[in-house]
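Inside the fold
Below, each chain spelled out in residue letters.
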Amino acid sequence: MKKYTFTEKKDTRSGFGAGMAELGKSHPNVLALCADLVASLKLDAFIKENPERFVQVGIAEANMIGISAGLALSGYVPYATTFANFGSGRVYDQIRQSVAYSGTNVKIAVSHAGLTLGEDGATHQILEDIAMMRAMPEMTVINPCDYNQTKAATIAVADFVGPVYLRFGRPVMPVFTDPDQKFEIGKAWMVNEGADVSIFATGHLVWEAILAGEMLEADGIDAEIINLHTIKPLDEEAILKSVTKTGCAVTAEEHQLNGGLGDAVCQVLSRNLPSPVEMVGVNNSFGESGEPAQLMQKYGLDAKSIVAAVKKVIDRKKV
Amino acid sequence: MDIQGLKEMTAQVRRDIVRQVHSSQSGHPGGSLGCADMIVSLYFNEMTINENRQQDGFLEFKREGQNEDLFFLSNGHISPVFYSVLARRGYFPISELSTFRKINSRLQGHPATHEHLPGIRVASGSLGQGLSVACGAAIAKRLRKEDNFVFVMMGDGEQQEGQIWEAVQFAPNAKLDKLIAIIDWNGMQIDGTTKEVNNNRDLKVKYEAFGWDTVTLKNGNDLEEVGAALKEAKEKSGKGKPVVILMQTEMGYGVDYMMGTHKWHGAAPNDDQLTTALKQLPETLGDY
């Protein structure tokens with residue numbers, strides 16, 4: 001098992017803020033919009049350096065998506081920012097008509113996705129946004145795994161022409177990816193090569209998958225870990241290549257099992273390479289208030305749950 | 001274009017509207033007929049657009065519309081009037097109007113960019129979104145220091161959408177004073193009069209309370225009054241506030257049996273009804 005270490009913990013939303021600060025210098029066409037959550041989205045640095053390129057929309061997310069569409073069709077690259085809950089379900093129709101169907105180059109950059117939003121509870125813990133955005137034609141869906149990857153993704157999507165849903169989170173997490181990484185949209189990242197099982201993880205669950213890989217190694221199981229930071233378009237080639245070798249898969253995401261990364265991977269496998277799959281995610285329920293780590297444990301989104309899923313899927317492979 | 005030219009164009013556009021909706025046996029003739037005078041006036045007299053011609057003779061269309069006045073149709077269901085005006089202005093072949101709402105057409109039921117129809121900048125149809133998009137375009141023009149207008153047409157029934165009021169509140173705060181909104185105040189929506197369905201009450205009072213300047217257009221089916229209202233709106237613009245033209249129209253204007261009722265909001269005439277309608281609408285510039 002390849003060793004991953006970290007010297008600090010940071011939140012992925014700060015990676016977004018750092019990416020925006022760089023774009024402020026490098027991309028004069030990039031604008032930021034926010035619906036009254038500037039501090040939460042870590043936009044202070046961008047706004048300080050580029051006050052004229054920031055639009056404060058207030059608590060009016062539908063309007064923010066429409067304004068972004070108008071800016072984008074005029075040639076700008078707007079980043080519409082808010083919490084994931086308010087940047088997906090609340091504005092689904094605005095994204096559908098004014099952004100995706102209209103082909104406007106809007107980046108919907110959303111924080112506080114999933115259970116790890118924590119204490120605010122289920123009203124704010126969106127666990128269906130990947131499903132919604134995956135279903136939408138023309139939409140690219142990205143869920144990076146740590147500070148460095150989020151920063152790199154934020155910068156990379158500026159040069160990609162087309163609507164993007166960029167999803168990240170609130171809590172501090174280990175920073176374990178390369179600070180100088182080149183982020184390639186739609187290209188899986190091989191975290192660890194292995195032979196016995198393929199673990200496909202996205203977002204905060206990638207670190208849990210690494211921890212799971214170490215626990216499995218102690219049990220003599222050689223896990224391949226692949227980070228699918230881009231959920232759409234999905235790197236089908238990487239998935240098929242890995243499962244051809246390992247013969248089974250576990251998916252892990254901070255999202256509902258219905259419609260998320262797991263479903264996407266299953267679609268690829270069932271069409272091309274039917275194989276046993278176990279899925280780690282939230283099973284058809286809302287979240288609740290609590291500390292992020294407590295919630296991840298309670299809802300079965302931690303390394304232990306991944307280990308259990310791996311053992312189950314390896315047993316199924318033997319049948 | 002002089003007033004006689006505008007009258008001829010508007011009459012022909014009305015024929016195009018009725019014929020499109022008849023041909024596909026679907027669409028929204030009522031509001032289309034009511035807004036013909038305004039949209040013709042905008043495109044043929046009021047808006048500065050890119051007049052460059054492509055090799056095929058049609059107008060060059062650039063979506064970003066730099067140094068052009070822009071028009072957004074938020075109430076996208078009145079697509080027949082939009083398509084007719086765009087075709088007759090020179091964006092695409094007039095004959096293409098015969099494909100309205102039919103399979104493999106660029107003239108979708110509601111305006112779309114997806115099939116790359118020249119003249120359309122954003123999809124509309126799901127109501128309430130156009131004013132927000134127009135705000136974005138107006139901000140873009142200000143960032144580029146372009147001195148152009150951004151027009152947006154909305155329905156009065158559409159004023160019942162919540163997103164409208166997000167944008168109505170935002171535009172004055174952002175001082176988008178080159179933004180001119182037009183509300184087709186015909187008092188009708190699909191299920192009945194706006195008063196019966198969900199009373200908008202006094203839109204003038206409401207917009208003024210939100211910080212807009214207003215222009216009242218008493219007869220939006222009189223081309224001279226339309227021109228005067230647009231002149232007034234332009235004069236009021238550039239002074240820190242967005243401007244809204246409250247345009248009173250008659251839904252179905254020009255076809256007697258379509259007027260004074262909400263029943264032709266989204267209904268197509270049959271063959272006999274088409275004949276009756278066309279008798280009332282002179283063919284001034286040649287049918288497609």
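In this text, all values refer to a predicted model and were calculated from it rather than measured experimentally.

1. Observations regarding the overall build of chain A
Scanning chain A from N- to C-terminus turns up eleven helices and 14 strands. At 19 Å, chain A has a C-alpha radius of gyration in line with the 20 Å of a compact globule built from 319 residues. Projecting the C-alpha coordinates of chain A onto the three principal axes gives extents of approximately 60 × 40 × 35 Å. Considering chain A as a whole, with its 319 residues, one finds that 61% of them fall into the buried category. Long-range pairs, those at least 24 residues apart, make up 82% of the contacts in chain A between residues at least 6 apart in sequence.

2. Considering the overall build of chain B
Counting its regular elements, chain B contains nine helices and seven strands. For chain B, the spread of C-alpha atoms along the three principal axes comes to 50 × 50 × 35 Å. Split into buried and exposed, the 288 residues of chain B put 51% on the buried side. Look at the contacts in chain B between residues 6 or more apart in sequence, and 75% of them connect residues 24 or more apart.

3. Observations regarding the confidence of the model for chain B
Across chain B, the average pLDDT comes to 98, with 100% of residues at or above 70. Here the prediction assigns the complex a pTM of 0.98, and the interface score ipTM is 0.97.

4. Description of unusual backbone geometry
The peptide bond linking Lys232(A) to Pro233(A) adopts the cis configuration, its omega dihedral lying at 0°. Here Pro233(A) is to be found in the loop between strand E12 (230-232) and helix H8 (236-246). If you check the backbone angles, His112(A) has positive phi at about 60° while not being a glycine. Relative to the elements of secondary structure, His112(A) occurs in the loop between strand E5 (107-111) and helix H5 (129-135). Phi at Arg101(B) is positive, roughly 65°, even though this residue is not glycine. Examined against the element boundaries, Arg101(B) turns out to sit in the loop between helix H3 (79-89) and helix H4 (130-143). Using a count of 19 C-beta atoms within 10 Å as the deciding quantity, one classes Arg101(B) as partly exposed.

5. Points about the pairing of strand E11 (residues 223-227) of chain A
All names here are of chain A. Among the five residues of E11, five are classified as buried, and the element is accordingly described as predominantly covered. Of the strand pairs in this sheet, strand E9 (residues 189-192) and E11 are connected by three bridges, and their pairing is antiparallel. Across the sheet, the residue bridging to Trp189 is Asn227, located in E11. As paired strands, strand E10 (residues 197-201) and E11 are joined by five bridges and run parallel to one another. Its bridge partner being in E11, Ile199 is matched across the sheet by Ile225. Once the chain exits E10 it traverses helix H7 (residues 205-218) before rejoining the sheet at E11, and the crossover so formed is right-handed.

6. Things to note about the interface of chain A and chain B
If you look at the interface, chain A gives 24 residues, while chain B gives 22 residues. Counting only elements with at least two residues in the side of chain A that touches chain B, the list comes to helix H3 (61-73) and helix H4 (92-101) of chain A. For the side of chain A that touches chain B, the element with the highest residue contribution is H3(A), accounting for nine residues. Of the residues belonging to the side of chain A that touches chain B, the class tally is ten nonpolar, 13 polar and one charged.

7. Describing the sheet that holds E11(A)
Residues and elements named next belong to chain A. Pairing is mixed across the open sheet formed by five strands, whose spatial order is E9-E11-E10-E13-E14. Every interior strand has two partners, whereas the edge strands, E9 and strand E14 (277-282), have only one. Direction aside, the axes of adjacent strands within the sheet are offset by 25° on average. Where H7 meets the sheet, its contacts fall on E9, E10, E11, strand E13 (249-256) and E14, and the angle it forms with E11 comes to roughly 170°.

8. So, the sheet that holds strand E2 (residues 150-155) of chain B
All names here are of chain B. Spatially, the five strands line up as an open sheet ordered E1-E2-E3-E7-E6, and their pairing is parallel. Two strands bound the open sheet, and with one partner strand each, they are strand E1 (70-73) and strand E6 (213-217). Sheet twist, expressed as the average angle between the axes of neighbouring strands with direction ignored, equals 20°. In this structure, E2 lies alongside strand E3 (residues 179-185), joined through six bridges in parallel fashion. Looking across to E3, one finds that Val150 is bridged to Leu179. Along the sheet, H4 makes contact with E1, E2 and E3, crossing E2 at roughly 175°.

9. Some details on the packing of H3(A) against helix H5 (residues 162-173) of chain B
Remark: H3(A) packs on H5(B), axes separated minimally by 8 Å, with the N-to-C direction vectors making an angle of 70°. Here H5(B) runs roughly perpendicular to H3(A), going by the angle between their axes. Here Ala62(A), Asn63(A) and Gly66(A) of H3(A) lie close against H5(B), whose contacting residues are Gln163(B), Glu166(B), Ala167(B) and Phe170(B). Here the contact of H3(A) with H5(B) is composed, by residue class, of three nonpolar, three polar and one charged.

10. Brief notes about the packing of H8(A) against helix H9 (residues 261-272) of chain A
Geometry of a packed helix pair, given as the angle between the helix axes and the separation of the axes. Residues and elements named next belong to chain A. For the pair H8 and H9, the least separation of the axes is 10 Å and the interaxial angle reads 60°. Between H8 and H9 lies a crossing of right-handed hand. Residue-level contacts link Glu236, Ile239, Leu240 and Val243 of H8 to Val265, Val268, Leu269 and Asn272 of H9. When the residues that make up the contact of H8 with H9 are grouped by side-chain class, the tally is six nonpolar, one polar and one charged.

11. Regarding the pairing of E2(B)
Residue and element names in this part refer to chain B. For E2, the tally of buried residues reaches six of six residues, placing the bulk of the element in the interior. Of the two faces of E2, the one lined by Val150, Val152 and Met154 and the one lined by Phe151, Met153 and Gly155 are each fully buried. Strand direction decides the pairing type here: E1 and E2, joined by four bridges, are parallel. Bridge pairing in E2 links Leu73 to Met153.

Definitions and cut-offs
Residues numbered from 1 in each chain as written. Chains lettered and ligands numbered in written order. Predicted model: local features only at pLDDT ≥ 70, side-chain atom pairs only at ≥ 80, totals over all residues. Helix = DSSP H or I, 4+ residues; strand = E, 2+ residues; numbered from the N terminus. Rg over C-alpha atoms; globule rule 2.2 N^0.38 Å. Buried ≥ 20, exposed ≤ 12 C-beta atoms within 10 Å, placed from the backbone. Contact = placed C-beta atoms within 7 Å. pLDDT = per-residue confidence, 0-100. Pairing = 2+ DSSP bridges. Right-handed = clockwise from strand over helix to strand, strands pointing away. Nonpolar A, V, L, I, M, F, W, Y, C, P; charged D, E, K, R; others polar. Axes fitted to C-alpha atoms, helices over the stretch in contact; angles between N-to-C directions. Parallel < 35°, antiparallel > 145°, perpendicular 65-115°, else oblique. Left-handed = near helix turned anticlockwise from the far one by under 90°.

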